[in-house]
Amino acid sequence: MLEQLEIVCDADCCQNRLGEDTYRLSMTTVGGTQQVHECSCGALTITITKQ
Ligand SMILES: [Zn+2]
């Protein structure tokens with residue numbers, strides 16, 4: 001079963017949910033996979049998924 005994480009904009013005063021259309025790029029590092037989402041407000045939110 002996959003966990004469906006809800007991604008919410010990191011910016012103060014902005015609680016937009018970030019869906020697939022806001023996805024920009026991902027980077028895989030030793031610490032896990034980082035995914036970058038760009039909100040319509042312009043803020044970048046980075047999530048880290050540990051393997
Ligand atoms: Zn935002």
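Only a predicted model underlies this, so the values are computations on that prediction, with no experimental measurement involved.

## Overview of the overall build of the protein
Now for step 1: When helices and strands are counted, the protein shows zero helices and three strands.
Now for step 2: For the protein, the proportion of its 51 residues judged to be buried stands at 6%.
Now for step 3: Residue pairs at least 24 apart in sequence account for 30% of intrachain contacts in the protein once pairs closer than 6 positions are excluded.

## Considering the sheet that holds strand 1 (residues 23-29)
Now for step 1: Spatially, 1-2-3 is the arrangement adopted by the three strands of the open sheet, whose pairing is antiparallel. A single partner strand is all that each edge strand has here, and the edge strands are strand 1 and strand 3 (44-49). Taking each pair of neighbouring strands and ignoring which way they run, the sheet shows an average axis angle of 20°.
Now for step 2: For strand 2 (residues 32-38) and strand 3, the ladder comprises six bridges, and the chain directions are antiparallel.

## What to know about the pairing of strand 2
Side-chain positions along a regular strand alternate between the two faces of the sheet.
Now for step 1: Summarising the sheet, strand 1 and strand 2 pair through six bridges and their orientation is antiparallel. Bridge pairing in strand 2 places Tyr-23 opposite His-37.
Now for step 2: Connecting strand 1 to the next strand, strand 2, in antiparallel fashion are two residues.

## Some words on the environment of Ser-40
Now for step 1: In this fold, Ser-40 is placed in the loop between strand 2 and strand 3.
Now for step 2: Sequence spacing of Ser-40 and Asn-16 is 24 residues, and the spatial spacing of their C-alpha atoms is 8.4 Å.

The rules behind the values
Residues numbered from 1 in each chain as written. Predicted model: local features only at pLDDT ≥ 70, side-chain atom pairs only at ≥ 80, totals over all residues. Helix = DSSP H or I, 4+ residues; strand = E, 2+ residues; numbered from the N terminus. Buried ≥ 20, exposed ≤ 12 C-beta atoms within 10 Å, placed from the backbone. Contact = placed C-beta atoms within 7 Å. Pairing = 2+ DSSP bridges. Axes fitted to C-alpha atoms, helices over the stretch in contact; angles between N-to-C directions.

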